[in-house]
Amino acid sequence: GAGVSQSPSNKVTEKGKDVELRCDPISGHTALYWYRQSLGQGLEFLIYFQGNSAPDKSGLPSDRFSAERTGGSVSTLTIQRTQQEDSAVYLCASSFGLAGGTYEQYFGPGTRLTVT
Amino acid sequence: AQSVAQPEDQVNVAEGNPLTVKCTYSVSGNPYLFWYVQYPNRGLQFLLKYITGDNLVKGSYGFEAEFNKSQTSFHLKKPSALVSDSALYFCAVREREQAGTALIFGKGTTLSVSS
């Protein structure tokens, strides 16, 4: 079936503007994750949704970042008042549910965000 | 706290030679360990995972990894490297006792295979 999709693939925005990034997980996956990939920094965990449970927001770097997951499927990551240090590739991943944590995550192609 | 270290930013090998990409981890309990590969301008692809059982895990594209509990390592290996293996490799860990958490990734190792 279809993999994880993300849109847009590229986004250029001016400093101070708000942006929304979208993620469509694999059908049937109950877990959804957002990561940020910056050059030389690896993958930085941002937020994790599992079913109807409260999301794990422990990785969000500031209160300018927020995310929602509607109907247990599509997720939107919102960055308010963007700063140049927000420039990165934002990756979304999904997986099957908890199952003791054994399931691997499947990643989307990412959204490359550039803040000018 | 969980963490992963990939001590080498870059590994260079000649085609046909064996390759090793190193990974060490730190968890309080028992680890679940994963390797992913990222080709240029592509998303991350799952290679293999260690959950339990045999310490030697075989994965996609001829790669394998060996779990070593005493050394807290999970090095990725391949007997004979291909130029097409050139990519960015990530090791990741999740603690078994914290099943409801996201994977924690290392900073990645760039593998360059020369012809």
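Please refer to the structure higher up on the page.
Anyway, here's the lowdown on the structure attached to this text. Keep in mind that what you see is a predicted model, and the values were worked out from it rather than measured.

Further remarks concern the sheet that holds strand 3 (residues 19-24) of chain A. All names here are of chain A. Strand order in the open sheet made by the four strands is 1-3-7-6, with antiparallel pairing throughout. Both edges of this open sheet fall to strand 1 (5-7) and strand 6 (65-69), since each of them pairs with a single strand only. Across this sheet, the average inter-strand angle for adjacent strands is 15°, counted without regard to direction. With three bridges connecting them, strand 1 and strand 3 associate as antiparallel partners. Directly across from Ser-7, in strand 3, lies its bridge partner Arg-22.

Let us now look at the state of the cysteines. Considering all chains together, one arrives at two disulfides over all chains under this definition. Put simply, Cys23(A) and Cys92(A) are joined by a disulfide, and their sulfur atoms are 1.9 Å apart. Because the torsion about its S-S bond is -65°, the bridge between Cys23(A) and Cys92(A) counts as left-handed. In this pair, Cys23(A) is assigned in strand 3 and Cys92(A) in strand 8 (residues 88-95), connecting sequence segments 69 residues apart. For Cys23(A), a relative accessible area of 0% gives the class buried. The disulfide that involves Cys23(B) links it to Cys91(B), with 2.0 Å between the sulfurs. Taking the sign of the S-S torsion, -65° for the link of Cys23(B) and Cys91(B), the bridge is left-handed.

Time to look at the pattern of salt bridges. Proximity of charged atoms lets side chains of opposite charge pair with each other. Tallying each qualifying case throughout the model produces six salt bridges over all chains. Two residues, Arg64(A) and Asp86(A), come together in a salt bridge whose shortest N-O distance is 2.8 Å. Here the residue Arg64(A) occupies a position in the loop between strand 5 (42-50) and strand 6, and Asp86(A) occupies one in the loop between strand 7 (75-79) and strand 8, the gap between them amounting to 22 residues. Accessibility expressed as a relative area gives 12% for Arg64(A), which makes it buried. When the shortest N-O distance is used, the salt bridge between Glu64(B) and Lys58(B) registers 2.9 Å. Given the relative accessible area of 19%, Glu64(B) is considered buried. For Lys58(B), a relative accessible area of 62% gives the class exposed.

With that settled, consider the interface of chain A and chain B. The interface of chain A with chain B comprises 20 residues on the first partner and 21 residues on the second. A buried area of about 1600 Å², summed over both sides, lies between chain A and chain B, and 58% of it is on carbon and sulfur atoms. The largest contributions to the chain A side of the interface with chain B come from Leu43(A), Thr102(A) and Glu104(A), which together make up 27% of the buried area. Scanning the region where chain A abuts chain B turns up one salt bridge. The partner of Glu104(A) in a salt bridge is Lys49(B), with the nearest N and O atoms 2.8 Å apart. Linking chain A with chain B are six residue pairs in polar contact (both at pLDDT 80 or more), by the criterion used here. Mapped by element, the contributors of at least two residues to the side of chain A that touches chain B are strand 4 (31-38) and strand 5 of chain A. Per element, the largest residue contribution to the side of chain A that touches chain B is four residues, and it comes from strand 5 of chain A.

What counts and how
- Residues numbered from 1 in each chain as written.
- Chains lettered and ligands numbered in written order.
- Predicted model: local features only at pLDDT ≥ 70, side-chain atom pairs only at ≥ 80, totals over all residues.
- Heavy atoms only, no water.
- Pairing = 2+ DSSP bridges.
- Helix = DSSP H or I, 4+ residues; strand = E, 2+ residues; numbered from the N terminus.
- Axes fitted to C-alpha atoms, helices over the stretch in contact; angles between N-to-C directions.
- Disulfide = S-S within 2.5 Å.
- Buried < 20%, exposed > 50% of the residue type's maximum accessible area, 1.4 Å probe, protein only.
- Salt bridge = Lys/Arg side-chain N within 4 Å of Asp/Glu carboxyl O.
- Contact = heavy atoms within 4.5 Å.
- Buried area = accessible area lost by both parts, 1.4 Å probe.
- Polar contact = N/O pair within 3.5 Å; in protein donor to acceptor, adjacent residues only side chain to side chain.

So, to be careful, I would describe these as geometric facts and stop short of saying anything about function.
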